[in-house]
Every structure is written in C-alpha cells, then in structure tokens.
Amino acid sequence: MNNLELQKHANDVRKGIVTAVHSAKAGHPGGSLSAADVFTFLYFEEMNIDPADPHKADRDRFVLSKGHTAPGLYSALANRGFFPVEDLTTLRKLGSYLQGHPCIHIPGVDMSSGSLGQGISAAVGMALGAKMNDQDFRVYTLLGDGELEEGQVWEASMFAGFRKLDNLCVIVDNNGLQIDGPVDQVCSPYPIDKKFEAFNFHVINVDAHDFDAIRAAFKEARETKGMPTCIVLHSLKGKGVSFMENSVDWHGKAPNDEEYAVAMADLEKIGAELEKAGEV
C-alpha cells in the first residue's frame, strides 16, 4: 500500500477516535491519536490478518498493552473491516461490546488489556508459545512511555531477551506525556533505547508519523534474528487535532460538542489535502 493511501486510512482512524470518545463523553484521545499511524500501518500493511477470519490459526497477534487507548485500536479494526465503523459511536455505552479497554470477545482483539504492564507479558507468552509449537506467526505489542514505569514491563523484557524471541516486536509510543504530566518529570523512563538494549533487544528509533520510516523499521524487525525488537516511536500526542497536540490535558478527556466540531474540521482539512495530493 502506498503512503498516500496509508495517510488517508490514518486520517479516517483519527476521525473514528474523536467520534467515539465524543460520543462516549469519556475516553483517551491523546494517546490514541499519537498511535493512529502505527495502528494503521499494522492493520493495513504489516500484519498477517483477515477480517473475515479473525481467529485464523496462523494470524499475527497484536496486544494493546496501553489498553486505555482502545479508541485507536477499535477505530483501526473498524476501518479495516472487523466490525462496522458505525459501532464506534457505542463506545463505553451500556450493552455495547466496545468498552473502555480491549476485551478478547471483540473481533480482531487477541488479548484483554488495561492494567498497565500486563499486556507485554501476554505478548511474550504468545511469542514463546509460537516458538514451542513451531508456528511462524509474529506478535506485536504497543506500550505507552508512561507504562514503562511499571516493573512488570522489565520482567517481561528480561525474559523475552533471554529467550531470544525474535518473533516479538515491542512498540513504544513515546509521545512524552502521561496522565500526570511529562514522563521525564513524573518518573523518567529515559533512555528508553538503552534500557531495551540492556535487556538484549534490537532497538530502532523512528518518527512515528513517517510511513517510510515506519515501514523500514518493521522490515528491519522482521529480518532481525536471535533477539526481539523494540521500535521506539517518537510521536506527537493528540496528532492531527490542533488543540489536542502535545497537550497533557487531552490524555483522558472527551471533547464537548464545540471542540468536537473543531477537531473534525481539522481532520476534514487534512483529508481534503490528501485528496488533492492524490490528484496531482
């Protein structure tokens, strides 16, 4: 898939995020928006998946370790065809299957998650299981940079590095902000790359919003043998929505009607620019 198509899909994913959180009047837009490009790349290009057969045995697995950014995952799944895009407006509502954190009963979701630090452990278990059963699927897991303050992350990483799980790709959304403020002021996880290297990971630093760089990083991860890979995505929290960008206030808050209108106008403008670029 070419970059322009990916950019269009990513913009649609961002629209779904904003729409879902606005409809729910709750949720986490900032970190969902910063990860929208990698969600898009994973589900539209990288992973071996089939929306018509979400449980096929040889599919690649994805675990959203930073489970509060479920709106991003749900929007990517919906836009990829796992369930109707219209269902995004039911986020967090009574009776909806789309609750505030991913649940394994949702089409396309491979692991329930939400308690930070636990998702990577589940992903490591999946990768080890694949090795033990001679299966060749890959396992991807997305963590937040604030999540790296959890000790369980490093227990899982130590195990993955020791067991040389080269079918595991850990992705860190390094947008620099967590619920209480900048990560380097709350409890700094830096240097992220050197920490993962110390746990015997191959580490790649990437611009989270450059599809050429993202594509090259995942190719390098697939080609790396004898050790797991960590891709550190240097991202912008709230990416695509003017008043949310790089603002900790939008970690876990829904836009009101007026803010929603501004956000969608921002994304519609981006969409129009992408359409124009496609005509050139």
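Just above, that's the structure.
Residues numbered from 1 in each chain as written. Predicted model: local features only at pLDDT ≥ 70, side-chain atom pairs only at ≥ 80, totals over all residues. Heavy atoms only, no water.

A. Seen up close, helix H5 (residues 118-132). Under the 1.5 Å per step criterion, the end-to-end length of H5 is 21 Å for 15 residues, consistent within 8% with the ideal 21 Å. Those residues of H5 that fall on the buried side of the exposure criterion are Gly119, Ile120, Ala123, Val124, Met126, Ala127, Leu128 and Ala130. Of the surrounding elements, those touching the buried residues of H5 are strand S1 (61-64), strand S2 (139-144), helix H6 (151-162) and strand S3 (168-174). (Helix = DSSP H or I, 4+ residues; strand = E, 2+ residues; numbered from the N terminus. Expected span 1.5 Å × (residues − 1). Buried < 20%, exposed > 50% of the residue type's maximum accessible area, 1.4 Å probe, protein only. Contact = heavy atoms within 4.5 Å.)

B. Structural view of the nonpolar core. If you look at the biggest cluster of nonpolar residues, it comprises 55 residues, and the most contacted ones within it are Leu42, Tyr43, Phe62, Phe83, Ile171, Phe218 and Ile231. Of all the elements, helix H1 (residues 3-24) adds the most residues to this core, at eight residues. The next biggest cluster of nonpolar side chains, apart from the first, holds 26 residues, and it includes Phe137, Val153, Trp154 and Phe201. (Core = buried A, V, L, I, M, F, W, Y, C linked by side-chain atoms within 4.5 Å.)

C. The sheet that holds strand S6 (residues 202-207), seen in detail. Read across the sheet, five strands follow the order S1-S2-S3-S7-S6 without closing on themselves; strand pairing throughout is parallel. Only two strands of the sheet have a single partner each, and these edge strands are S1 and S6. With direction set aside, neighbouring strand axes in the sheet form an average angle of 20°. When S3 meets strand S7 (residues 229-234), the two strands line up parallel, connected through six bridges. Residue pairing across strands places Val170 opposite Cys230, the latter belonging to S7. In the packing of helix H9 (residues 211-223) onto the sheet, the strands contacted are S2, S3, S6 and S7, and the crossing angle to S6 comes to about 170°. (Pairing = 2+ DSSP bridges. Axes fitted to C-alpha atoms, helices over the stretch in contact; angles between N-to-C directions.)

D. The arrangement of the packing of aromatic side chains in detail. A complete count under the given rule lists ten aromatic pairs for this structure. Centre to centre, the rings of Phe39 and Phe62 are 6.2 Å apart; their planes meet at 75°, and the pair counts as edge-to-face. With Phe39 in helix H3 (residues 36-46) and Phe62 in strand S1, the pair connects residues that are 23 residues apart, well separated along the chain. No difference in accessibility class separates Phe39 from Phe62, as the two residues are buried. Judged by centre distance (5.6 Å) and plane angle (90°), the ring pair of Phe83 and Tyr97 falls under edge-to-face. Of the two residues, Phe83 is situated in the loop between helix H4 (70-80) and H5 and Tyr97 in the loop between H4 and H5; the sequence distance between them amounts to 14 residues. Residue class for Tyr97 comes out partly exposed when judged on its relative accessible area of 25%. Put simply, the rings of Phe39, Tyr43, Phe62 and Phe82 pair up and form one aromatic cluster. In this structure, Arg61 is placed above the aromatic ring of Phe137, and the distance from its NZ or CZ to the ring centre is 3.9 Å. Lying over the aromatic face of Phe44, Arg80 brings its terminal NZ or CZ to 5.9 Å of the ring centre. (Phe/Tyr/Trp six-rings, centres within 6.5 Å; stacked < 30°, edge-to-face > 60°. Lys NZ or Arg CZ within 6 Å of the ring centre and 35° of its normal.)

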